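The chain contents come next:
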Amino acid sequence: MYLRCTEHHFKSRMIIKSESITKGPSDHSHVADASKLHARIVVANMKNEAIHTQQLPQQIISATQIPAGVVGAMPSVTSIKNTLRRIRKRNDCVPTDQKSLS
């Protein structure tokens, strides 16, 4: 598993194999932000949900429980919707247009 710093201007990364660190991170000059990490985990779970269900992006976002301390670190709803659509398109799992079924 490869882990990269959440701050884009840092090139630091860490490699973990079988639960042990094989390459440690370089020195950092900033404090870790736990809310950004949790926001990335929440978005990753939404992406997984988008791949494995037929729910619309808005339904996935609405059904996701987001902790209060993480809300401020989340991307905008529009960005999340676009990300979920892009993930589905990339993985060839675009749901059928539900408006055409009525």
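Structure: see above.
Overview of the structure. Note that the coordinates shown come from a computational prediction; the quantities given were computed from them, not determined experimentally.

Put simply, helix 1 (residues 34–52) and helix 3 (residues 77–90) touch, their axes get as near as 9 Å, and they point 45 degrees apart. With respect to helix 3, the element helix 1 is oriented oblique. For the crossing formed where helix 1 meets helix 3, the hand is right-handed. Contacts from M46, K47, A50 and I51 of helix 1 reach helix 3 at I80, T83, L84, I87 and R88.

Before going further, it helps to examine the side chain of T53. When you line up the elements, T53 lands in the loop between helix 1 and helix 2 (57–63). Here T53 is in contact with I60 and R88, once residues within four sequence places are set aside.

So, on to helix 1. With 19 residues, helix 1 should reach 27 Å at 1.5 Å per residue; the first-to-last C-alpha distance of 27 Å fits that figure. For helix 1, the full list of buried residues reads S35, A39, V42, V43, M46 and A50. Relative to the axis of helix 1, the buried residues are bounded by an arc of 95 degrees and lie together on one face. Turned more than 90 degrees off the buried face of helix 1, the exposed positions are N45 and H52. Of the surrounding elements, those touching the buried residues of helix 1 are helix 2 and helix 3.

So, how was this worked out
- Residues numbered from 1 in each chain as written.
- Predicted model: local features only at pLDDT ≥ 70, side-chain atom pairs only at ≥ 80, totals over all residues.
- Heavy atoms only, no water.
- Axes fitted to C-alpha atoms, helices over the stretch in contact; angles between N-to-C directions.
- Helix = DSSP H or I, 4+ residues; strand = E, 2+ residues; numbered from the N terminus.
- Parallel < 35°, antiparallel > 145°, perpendicular 65-115°, else oblique.
- Left-handed = near helix turned anticlockwise from the far one by under 90°.
- Contact = heavy atoms within 4.5 Å.
- Expected span 1.5 Å × (residues − 1).
- Buried < 20%, exposed > 50% of the residue type's maximum accessible area, 1.4 Å probe, protein only.
- Arc of directions from axis to C-beta.

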